[in-house]
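Here are the chains, one letter per residue:
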Amino acid sequence: MFRALRALTLWFALLGAAAALAVAVMVTWSVVGRAIWLEPIQGDVELTQMGIALSISLCIPWCQLKGANIIVDFFTQKLATPTIRRLDGFGALMLAIMYALLAWRTSVGAVSVMEAYESTMILGLPMWWSYAALAPGLGLACLVALVQAWMHFAQLDPTRLEGSAA
Amino acid sequence: QEVVLKFHHIWPTAAMAPQKVIGPWCDKIAAESNNRMRCQLLPAMSGGGTPPQLVDRVKDGVDDLVVTLPGYTAGRFPKMEVFELPFMVSSAEQGAQASWDFYQKHAKDEFPGTKILATWVHDPGFVHTSSKPVNKLEDFRGLKMRAPTRQTNKLLGKLGATPVGMPVTGVADALSKGTIDGYVLPWEVIPAFKLHEMSKYHTETDPGHPALYTAGFIFAMNQAKYDSLPADLKKVIDNNSGAQLSRQIGKVWDESRPMARKLAVDRGNNFIQLSPAETDRWQKASASLNEEWVKDLERRNLPGKEMLKDAQDLLAKYKGEGNAKK
Amino acid sequence: MSPTAIGLVMFASMLALMVIRVPIAAAMFIPGAIGYFALTGADPLLNLLKGSAVARLTVYELSVIPLFLLMGQFATQGGLSRDLFRAASAFIGHIRGGLAMAAIMSAAAFGAVCGSSVATSATITQVAYPEMKRHGYHGRLSTASLATGGALGILIPPSVPLVVYAILTEQNIAKLFAAAMIPGLLAMAGYIVVVALYCRVRPEFATPSQAQAWSERSRALVSIWPIVAIFLIVFGGIYGGIFSPTEGAAIGALLTFVAGALRRELGRKAMVTALVATAETTAMVFLIFLGADMMNTTLALTEMPARVADWVTALPVSPLVVVSAVLLLYVVLGCVMDELSMLLLTIPVIFPAVMSLDLWGLPPDLKAIWFGILVLMTVGIGLIAPPVGLNVYVVNNLAPDVPMVETYKGVFPFLAWDVLRVILLLFFPSISLYLIQVFF
Ligand code: NA
Ligand code: NA
């Protein structure tokens, strides 16, 4: 189970960063087009907004898996390992709640703007895409955080989920 | 006990709308309710979210009161969009009156869960450019122009320009760098972003024609919040909303125009006044937008043709009244 | 409870959660959400959350962050940053302390394409630390100069904290970048002087390496042309008015990718490393945004920021004293918090207060930019100041044979220059504002 969850999270991250690279290609194309043929890509700003939002959300589960969220560990340096594990379990739980709330409510938001027929200004793309695109990343991040919380509380070594490479 | 209404809007406090519309309105309802009701102002989106989300926020009761532009959410208010078509509206005051009547007659169902207190449009929009003057229709060719709404985006395309989408906050910077060559905006917003300092040419269509474009505004309240008020406080809100308020706000927009325009005159910017004949050419070039709008509504099984006619008739009626007064 | 009381409880809970290792994003989000619930009820909170993730993740100006991070990662994995260090050490490696100076110079050069200090510290430590160790540099001098040099990642534009400041205060990002340029270069020059003085006092800390032949030097110089070219294109484009910062970042990311691929260094494995490292940092940054957004929305509702602003402006002291006190507060906060959370939490409260003060008679837009650079400099101090200096953590992680205490001992002379620089900027705003007059 750990391996499957880890692999899925890694794919999300690779896809997320690749989406940012794709945005970079699109923007460069648009700038070159604007400079040479006076023809930027129509709606490049909208595409950047959507692409980067998707990119970020896909990156979140990996950040969670690697424990890369910033914490203040100055005040707890002297505590014993089991106590620190329990605190980290609590921290993972707090994040899981945050991810769950955002994933759930963003999905509801997607339905709202879909039912209202909202679209983007220039390209007329359905607005709900922006909302719906965020849900999978937030949802997977919630799952990862819950597994981590369980591992911390069970005093299991969290690096078993992280793996070693990459 | 005191009722606090969370009033969320897009402008920084020093802008024209908070100073001349929102602030006075809040003072008035406070006074008329003997301070049993007041606004808690959340300027410049400080309550969170994005401007397009304001319509959902007031519907859902996140905010109690908002002022926003239906045009921010393209496709959501297809009926009210009629006032954003080119060469429709002649002044903000007339546009405000017509849009209120039109809203009452046709568009109430576009705002479920929301109590609309006023609707209006801004003062006429014009063409402003930084280095290349627009003297005639052909001059749009190759110009990168920033468009504020879906309809102006289409309009600029029809006129021959390349429309670029960006928030109004980015216009000054984009202009100074040549990312865009110009923009369309009404005079009212120009001083707030110091755009007159970035522009060299202002092309104004013939004043005998309706405005090149306008964009609509709504002043909205959460319906449930309104319903929860005791009868006497409801009455205070009722007394400060509707046709009268809409018209008055439209007037404020019209009145802010000469002052803003004077700033550009004083700087020695070049003003280009289009002849009636040239304005006619622009109007012809963009006329197909009306048909597109009608088709758009018909695709949603709405009587687009009648509604367009109604909007035009209402505008004509208030234009007539305005002229009669003069 | 009154709104103000709710605000205070919320703030206290946030600090308490941070102390017990709850990740900062959640430590801001959860109390913020509970506070919002207490002020308005469950339905408004749930409806607010429908749009909050989209609202923050689709901000066009913020899309420069993942793009600049991507650019920095491609430069690292493509070997461009290693070449930078080699070129610098070919020229000054034979001077006493020369390798430390070279590390600082390459950190500055790398910082000119990367907007994050964590990424800069990590990158430069990976290429420079083994060399310094091989040449018998003292651990303290090595890690201290690497951690300090890493701060140039944000002090020299592009800079993620400056982007955040620009968004929060509605200022022009390109102008802020221009304003940071001279102070950033000043920081680098000062750090090099500090290394020179350090080696004069403790010559045993650094052994000079063999001087390189001019043929070696010119070869090293030629090898860095791609990164120099990319830098010129990106910055020439942004300041020359050809494209926006987001567009510059996109072009820079693509060009570094191409450069790395052409040199055959950006293979499959390096590519994966670059992408996941970008993913990790991007998500970390934006999660803090999401948490701070929730906190700030609730704070706005409690009207606390406005009260604080009123209180500060009514203080019977001179405006400069107020600004100094604010900066001192940042130094203290910077000891226990990371740079972004600090900005996101305080700027909405403090910025309006500072803007209402008369400072050197500056007009509002220049005042906003000058204050932004002051804050940036102060934030830079927090990155290396004990007990919680993010850069020190990063560097020591990659140089585990040097005890952290040693690094902290080593950074003090550098900190002295940081403080001096902030004071200089406080009294001479034109250090930051001069270039704005040139470029805009
Ligand atoms: Na930088
Ligand atoms: Na710190």
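Just so it is clear, the structure is predicted and the values come from calculations on it, not from any experiment.

Scoring rules and cut-offs
- Residues numbered from 1 in each chain as written.
- Chains lettered and ligands numbered in written order.
- Predicted model: local features only at pLDDT ≥ 70, side-chain atom pairs only at ≥ 80, totals over all residues.
- Heavy atoms only, no water.
- Contact = heavy atoms within 4.5 Å.
- Buried area = accessible area lost by both parts, 1.4 Å probe.
- Salt bridge = Lys/Arg side-chain N within 4 Å of Asp/Glu carboxyl O.
- Polar contact = N/O pair within 3.5 Å; in protein donor to acceptor, adjacent residues only side chain to side chain.
- Helix = DSSP H or I, 4+ residues; strand = E, 2+ residues; numbered from the N terminus.
- Buried < 20%, exposed > 50% of the residue type's maximum accessible area, 1.4 Å probe, protein only.
- Lys, Arg positive; Asp, Glu negative; His and termini not counted.
- UniProt positions renumbered as here; feature names shortened; annotations may be inferred.
- Pairing = 2+ DSSP bridges.

## Focus on the interface of chain C and chain A
Part 1 of the argument: Contacts between chain C and chain A engage 55 residues on the former and 57 residues on the latter.
Part 2 of the argument: Buried area between chain C and chain A, both sides added, is near 5,300 Å², and the carbon and sulfur share of it is 80%.
Part 3 of the argument: On the chain C side of the contact with chain A, R21(C), K50(C) and L287(C) bury the most area, a combined 15% of that side's loss.
Part 4 of the argument: Between the two partners, chain C and chain A, sit 2 salt bridges.
Part 5 of the argument: Close ionic contact of E247(C) with R34(A) constitutes a salt bridge, the shortest N to O distance being 3.0 Å.
Part 6 of the argument: The interface formed by chain C and chain A contains 7 residue pairs in polar contact (both at pLDDT 80 or more).

## Remarks on the side chain of D206(B)
Residue and element names in this part refer to chain B.
Part 1 of the argument: Its place among the elements puts D206 in the loop between strand 9 (201–204) and strand 10 (216–222).
Part 2 of the argument: One buried charged residue, D206, remains without a salt bridge, the closest side chain of opposite sign being K319 at 8.9 Å.
Part 3 of the argument: A polar contact of 2.7 Å, which involves the side chain of D206, links it to the side chain of H209.
Part 4 of the argument: If we ignore the near neighbours within four places in the chain, the residues touching D206 are Q273, L274, S275, P276 and T279.

## Regarding the UniProt feature "transmembrane region" (unreviewed entry) in chain A
All names here are of chain A.
Part 1 of the argument: Taking the UniProt record as the reference, the feature "transmembrane region" (unreviewed entry) is found at residues 49–75, 87–108 and 128–151.
Part 2 of the argument: Secondary structure across residues 49–75 divides into 63% helix and 0% strand, with the first and last C-alpha atoms of the span separated by 39 Å.
Part 3 of the argument: Secondary structure content for residues 128–151 is 100% helix and 0% strand, while the C-alpha to C-alpha distance between its ends is 36 Å.

## Considerations on the pairing of strand 10 of chain B
All names here are of chain B.
Part 1 of the argument: Burial of strand 10 is extensive: 7 of the 7 residues sit out of reach of the surface.
Part 2 of the argument: Judged by which residues are buried, strand 10 turns out to be covered on both faces: G216, I218, A220 and N222 on one side and F217, F219 and M221 on the other are all buried.
Part 3 of the argument: Summarising the sheet, strand 3 (residues 65–68) and strand 10 pair through 4 bridges and their orientation is antiparallel. Across the sheet, the residue bridging to V67 is F219, located in strand 10.
Part 4 of the argument: Here strand 4 (residues 114–121) pairs with strand 10 via 7 bridges, running antiparallel. Considered in strand 10, the bridge of T114 is made with N222.

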